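Survey of secondary and tertiary structure
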Amino acid sequence: MKIFLLFTFLPFLLSSFKQAAASAHYDKILTHSRIRARDQGPNVCALQQVMGTKKKYFSTCRNWYQQSICGKKATVLYECCPGYMKMDGTRGCPAVAPIDHVYGTLGIVGATTTQRYSDISKLREEIEGRGSFTFFAPSNEAWDQLDSETHRNLVDNVNIELYNSLHHHMLNKRMLTKDLKNGMTLVSMYNGQKLFINHYPNGVVTVNCARIIHGNQIATNGVVHVIDRVLTSVANTIQDFIEFEDELSSFRAPAITSGVMDILGRPGHYTIFAPTNEAFEKLPRGVLERIMGDTVASEALVKFHILNTLQCSEAITGGAVYETLEGNTVEVGCDGESLTVNGVKMVKRKDIVRSNGVIHLIDQVLIPDSAKQVIELGGAQQTTFTELVAQLGLASSLRPEGQYTLLAPLNGAFSDDTLGLDQRLLKRILQNHIIKVKVGLNELYNGQELETIGGKLLRVFVYRTAVCIENSCMVRGSKEGRNGFIHIFRQIINPAEKTLHEMLRNDKRFSIFLSLVKAADLDDVLSRPGQWTLFVPTNDAFKGLTDDDKDVLIRDKNALRNILLYHLTQGVFIGSGFEPGVTNILKTIQGGKLYLKTVNDTLLVNELKSRESDLMATNGVIHVIDKLLYPAELPVGNDQLLTILKKLIKYIQIKFVRDSTFKEIPLTFYRPEIKYTRITAGGADNEEKLKKILEEEVTKVTKFIEGDGHLLEDEEIKRLLQGAGTEYTKVTKVIEGDPQIIEREIKKVHLEEAPARKAQPTRRAQGGGARRRTRLAHS
């Protein structure tokens, strides 16, 4: 009857176990291990064993395919899955392991030392009898690794110390791995002592940071989980440990002054990487004193050593990134038996379990970016920049209480020629990479201007996948420090000094293109402030062009403007700001489209290579090309012009539609700069002042003159206003003290054509009566 009940109960237990595979990480990983070993026969699990050790794991996919655990090569083992056993002459593990009470099950799973200690401590009778227990049984190796003094104290007093210790490993109810939830606290059978459970996504389950290495061995009166170390009592908090640990006095001081120590006394699940006194002694004295003297920096430093999750060492089988209380992240990994932090072996002692977390002692201080000075944020790829800043005396100007932004080029941006420059010139270059204010990446916007400590204004250009400042674009790696940000750039930043027109005029390569620009009356466009991208053909693009050909082009101004303005687009587009390999379509001022993309750091314009790109001007950027561009969809209707264009353009087929003409492109696509001179009427000498300004200062008069109409009736003023073109001029009469504005059209006058903006009426002068004011807008 007992046997019948036993085998009736067994399928129920196994069914419960199988259901666990769908609800807990440990069981999911175990299921994957069965799948990997399916070729070995039924109920076989695949494990990985770290070479040179006895450590075995049911592995995650990542470790399985990397064939390593903690950076060490791992070999594959095939064993019977928990609860199954081999049979002679058959493949795999087809038989169910015998089921016994907890005491007998200790022998089945190989925990014979725990079984023997249960016997001599008089625990055997209890775990053979009635009840429902969970036994976290230390493996034989775990007992061997226990420090000798503790081990001796236990076996010398088996009826009390050993008995109590074994009870500390037990629960008074059955709990499978599926029931062991992450962050759970359980009460052991000894004196209400707590057991802290962690169940990690990689399938590792720990009890007070001891790993379950063989779980869910069902017994008639419970379950046995084999663990890899002997559990000791957990008392007090992390705060208590730090307060009384002499080796942590240097860490204790900032933890107290910053108020973080109080946090470590509260309930929680913390991991703290606590630097020892020796670790603090390794810091440069000036750095340590500065951080300790700054309450914000010292608080950031302490919090940077604390995770808000509990990470036992045995749960770490590969690198993972965790957020600290400070807000930034650290990478916690392993290298064989050693824990690593940010890739460095620094853990001296691990898994000091307390009631609200675990402590790992480290021999290096982790300094977060938020506690560093901005110049200290430079990494291995920016050492040339940071060293030059220090050598040239600029580091001392970055005051701890100041706010700065460093625009740090990569080491490779500094050529030998640059490094060989005169130190005064090199210092000016570096000053162009230090902004007077603290500006984060998310605070930058297109069109923004940033002032450097050298007084230069740098422009910001924001694109779909890039942020650029002048000619250089950012790479990943921006950091925020105590007194500023550092952003990483591909190239040295070259602030613009000249306009597009000045750059063309000063470079003989562009003389033919510039002469055509002048002939098309477009040189003013390239001289005025604006935001342009200009694709400039060199003189090589005009090989074969005769003087007669050039005259033909110049005579047809509409055709010439269409050709030239196809090389100009609104907005500043840096070559390195384009997403590599992706075509970008820009609409030109002519109306046609340009197709741009970068391939292998080379800018292509309509599939033509730019020979030199990102030449910055104060009003735009130049990309140099060696071919004349022409919109493929634009037909030519003149045989003579077609012949000329075919000489210059051989990379596309130019369309010919007889008698078709080029559209007129008015110069309304740009707004020239407007200057104003204000004249206050009411004095007897007002008209004389106006005549003097017109004679000495005014070269182009705008369409609008504001003031009294009688000024236009003066014959001398009329003579001075004469020029090309006829426009109606409106006069606005302002009556001070009365908000009414009267506009009237008074007469036709001859004015030189120039766009204008109507100036606003002036306000009444403080303390005076009604006075008439006249303003002449001129440029």
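The rules we used
Residues numbered from 1 in each chain as written. Predicted model: local features only at pLDDT ≥ 70, side-chain atom pairs only at ≥ 80, totals over all residues. Heavy atoms only, no water. Helix = DSSP H or I, 4+ residues; strand = E, 2+ residues; numbered from the N terminus. Buried < 20%, exposed > 50% of the residue type's maximum accessible area, 1.4 Å probe, protein only. Contact = heavy atoms within 4.5 Å. Areas by Shrake-Rupley, 256 points an atom, 1.4 Å probe, with all protein chains shown as cover. Axes fitted to C-alpha atoms, helices over the stretch in contact; angles between N-to-C directions. Parallel < 35°, antiparallel > 145°, perpendicular 65-115°, else oblique. Left-handed = near helix turned anticlockwise from the far one by under 90°. Nonpolar A, V, L, I, M, F, W, Y, C, P; charged D, E, K, R; others polar. Pairing = 2+ DSSP bridges. Disulfide = S-S within 2.5 Å. Polar contact = N/O pair within 3.5 Å; in protein donor to acceptor, adjacent residues only side chain to side chain. Core = buried A, V, L, I, M, F, W, Y, C linked by side-chain atoms within 4.5 Å. pLDDT = per-residue confidence, 0-100. Arc of directions from axis to C-beta. Phe/Tyr/Trp six-rings, centres within 6.5 Å; stacked < 30°, edge-to-face > 60°.

Another aspect to go through is the overall build of the protein. A count of helices and strands for the protein gives 26 helices and 40 strands. For the protein, buried positions account for 49% of its 779 residues. Nonlocal contacts in the protein, meaning residues at least 24 apart in sequence, comprise 63% of its contacts between residues at least 6 apart. Per element, the accessible surface of the protein, about 38,100 Å² overall, is 48% carbon and sulfur.

Okay, the packing of helix α22 (residues 547-555) against helix α24 (residues 639-648) next. Close contact between α22 and α24 brings their axes to 10 Å; oriented N to C, the two are set at 120 degrees. On the basis of the axis angle, α22 is oblique to α24. In this structure, α22 crosses over α24, and the sense of that crossing is left-handed. Residues Asp 549, Val 552 and Leu 553 of α22 form the contact with α24, whose own contacting residues are Gln 640, Leu 641, Ile 644 and Lys 647. Per-class residue counts for the contact of α22 with α24 are 4 nonpolar, 1 polar and 2 charged.

In spatial order, the strands read β30-β29-β35-β34-β33-β32-β31; together these 7 strands make up an open sheet with mixed pairing. If you trace the sheet from one side to the other, it starts and ends with β30 (568-570) and β31 (584-587), each paired once. Each neighbouring strand pair of the sheet contributes to a mean axis angle of 30 degrees, computed without reference to strand direction.

On to the state of the cysteines. One pass over the full model with this rule turns up 5 disulfides. One disulfide in the model links Cys 209 with Cys 312; its S-S distance is 2.1 Å. Here the disulfide of Cys 209 and Cys 312 is left-handed, its torsion about the S-S bond being about -75 degrees. Of the two residues, Cys 209 sits in the loop between β11 (205-207) and β12 (210-219) while Cys 312 sits in the loop between β15 (306-307) and β16 (320-323), which places them 103 residues apart along the sequence. Across this residue pair, the class does not change: Cys 209 and Cys 312 are buried. If one numbers only the bonded cysteines of the protein, in the order they occur, the disulfide pattern is 1-4, 2-8, 3-5, 6-7, 9-10.

The next thing to look at is the environment of Thr 546. With respect to the helices, strands and loops of the structure, Thr 546 is situated in the loop between β29 (532-537) and α22. Note: C-alpha distance between Thr 546 and Ile 644 (98 residues apart in sequence) is 9.2 Å. A polar contact is formed between the side chain of Thr 546 and the backbone nitrogen of Asp 549, at a distance of 3.0 Å.

The subject of this paragraph is unusual backbone geometry. The phi angle at Cys 70 is positive, at roughly 55 degrees, despite the residue not being glycine. When you line up the elements, Cys 70 lands in the loop between β3 (68-69) and β4 (72-80). A positive phi angle, near 50 degrees, is found at Asn 606, a position not held by glycine. With respect to the helices and strands, the residue Asn 606 is situated in the loop between β33 (602-605) and β34 (608-617). Overall, the relative accessible area of 18% leaves Asn 606 in the buried class.

Among the nonpolar cores identified, the biggest contains 46 residues, and Leu 504, Leu 568, Ile 622, Tyr 630 and Phe 669 are the most heavily contacted of them. Within the second largest apolar cluster, 27 residues are counted, among which are Phe 241, Ile 242, Tyr 270 and Val 287.

This brings us to the confidence of the model for the protein. A low pLDDT means the predicted coordinates there should not be read in detail. Residues with a pLDDT of 70 or more make up 83% of the protein, whose mean pLDDT is 85. Mean pLDDT across the elements of the protein ranges from a minimum in strand β39 (residues 741-750), with 33, to a maximum in strand β7 (residues 133-138), with 98. In this model, residues 723-779 is a region of pLDDT below 50 whose contacts with residues beyond four sequence positions or in other chains number 144 contacts.

To continue, consider the pairing of strand β10 (residues 194-199). Most of β10 sits out of view: 5 of its 6 residues are buried. Here strand β9 (residues 185-187) hands over to β10 after 6 residues, with Asn 191 in that stretch at a positive phi of 55 degrees. Where β10 and β11 come together, 3 bridges link them in antiparallel fashion. Bridging from a neighbouring strand, Asn 198 pairs with Thr 206 of β11. Turn length for the β10-β11 hairpin, with the two strands adjacent in sequence and antiparallel, is 5 residues, and the turn residue Gly 203 shows positive phi of about 90 degrees.

The next point concerns helix α15 (residues 295-303). The set of residues buried in α15 consists of Ala 297, Ser 298, Ala 300, Leu 301 and Val 302. Buried residues along α15 sit against α11 (249-257), α12 (260-263), α13 (277-281), α14 (285-292) and β15. One side-chain oxygen at the N-terminal end of α15 lies 3.1 Å from the backbone nitrogen of Val 296; it belongs to Asp 294.

A few words now on helix α20 (residues 511-519). When α20 is considered as a whole, its buried residues turn out to be Phe 513, Leu 514, Leu 516 and Val 517. Buried residues along α20 cover an arc of 160 degrees about the axis, so they all sit on one side. Its buried side turned inward, α20 meets α19 (500-505), α21 (523-527), β29, α22 and α23 (557-565).

What follows covers the packing of aromatic side chains. Using the criterion set out here, one finds 4 aromatic pairs in the structure. Here the aromatic rings of Tyr 26 and Phe 58 are separated by 6.3 Å at their centres, their planes lie at 90 degrees, and the arrangement is edge-to-face. One end of the pair, Tyr 26, is in helix α2 (residues 25-36); the other, Phe 58, is in the loop between β2 (56-57) and α3 (61-66), with 32 residues separating them in the sequence. Take Tyr 26: its relative accessible area is 4%, and that puts it in the buried class. Centre to centre, the rings of Tyr 117 and Trp 143 are 4.8 Å apart; their planes meet at 90 degrees, and the pair counts as edge-to-face. With Tyr 117 in helix α5 (residues 112-120) and Trp 143 in helix α7 (residues 140-145), the pair connects residues that are 26 residues apart, well separated along the chain.

Moving on: the side chain of Thr 452. If you trace the backbone, Thr 452 turns up in the loop between β24 (449-451) and β25 (457-462). When its relative accessible area of 0% is taken as the criterion, Thr 452 is described as buried. Contact partners of Thr 452, with chain neighbours within four places excluded, come to Gln 431, Asn 432, Ile 434, Ile 435, Lys 436 and Leu 458.

As a further point, take the sheet that holds β15. Reading across from one edge, β15-β14-β21-β20 is the order of the 4 strands in this open sheet, with mixed pairing throughout. Each edge of the sheet is formed by a strand with only one pairing partner; in this case those strands are β15 and β20 (347-354). Inspection of the sheet shows β20 paired to strand β21 (residues 357-362) by 5 bridges, in the antiparallel sense. In the sheet register, Val 353 faces β21, and the bridge partner there is Val 358.

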